[in-house]
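So the chains spell out like this:
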Amino acid sequence: MEAKLLNDISNIQKNKIAIIEKITAATDLKHRLISLGFIKGNSVVVISKSLANETIVVQIGNKSKYALRNVEAKHILVKPELCNRKLKI
């Protein structure tokens, strides 16, 4: 039932805050994403998306920004923040 509430990060609207819930990638990619800060409970925001939606730029917390390919982003499962606030840039 909870899985229905989760979305991969590539489906989150620009500037919406979400909370990381799970990384579903294979071991090597999973370890890389965790080392970058994609950890359960961290907030994440989609800053921008490419025109073809092949890459996205995300911000973890108030600090780090990363560009991810969609194939990587699809392994980061998130849930929208309950208050559904937007990031002000």
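Residues numbered from 1 in each chain as written. Predicted model: local features only at pLDDT ≥ 70, side-chain atom pairs only at ≥ 80, totals over all residues. Heavy atoms only, no water.

Caption draft 1: Region of interest: the nonpolar core. Ranked by internal contacts, the top residues of the largest apolar core, which has 17 residues, are Ile9, Phe38, Val44, Val58, Leu68, Ile76 and Val78. Those elements that place two or more of their residues in this core are strand 2 (17-23), strand 3 (43-49), strand 4 (55-60) and strand 6 (76-80). Not counting residues within four places of it along the chain, the set of residues in contact with Val78 comprises Leu5, Leu6, Asn7, Asp8, Ile9, Ile12, Ala18, Ile19, Ile20, Glu21 and Val44. (Core = buried A, V, L, I, M, F, W, Y, C linked by side-chain atoms within 4.5 Å. Buried < 20%, exposed > 50% of the residue type's maximum accessible area, 1.4 Å probe, protein only. Helix = DSSP H or I, 4+ residues; strand = E, 2+ residues; numbered from the N terminus. Contact = heavy atoms within 4.5 Å.)

Caption draft 2: Structural view of the pattern of salt bridges. The final tally for this structure, using the stated rule, is three salt bridges. One salt bridge in this structure joins Glu72 and Arg32, with 3.2 Å as the shortest N-O distance. In this pair, Glu72 is assigned in helix 2 (residues 70-73) and Arg32 in helix 1 (residues 27-36), connecting sequence segments 40 residues apart. Judged by relative accessible area, which is 4%, Glu72 ranks as buried. Residue Arg32 is classed as partly exposed on the basis of its relative accessible area of 38%. Where Arg69 meets Glu72, a salt bridge forms, and the shortest distance between an N and an O atom there is 2.7 Å. Each of Arg32, Arg69 and Glu72 takes part in one network of salt bridges that share partners. (Salt bridge = Lys/Arg side-chain N within 4 Å of Asp/Glu carboxyl O.)

Caption draft 3: How the structure looks around the sheet that holds strand 5 (residues 65-69). Spatially, the six strands line up as an open sheet ordered 1-6-2-3-4-5, and their pairing is antiparallel. At either end of the open sheet lies a strand with only one pairing partner, and these are strand 1 (7-8) and strand 5. Pairing of strand 4 with strand 5, which is carried by five bridges, proceeds in the antiparallel orientation. Residue Ile56 lies in a different strand from strand 5, and its bridge partner there is Leu68. (Pairing = 2+ DSSP bridges.)

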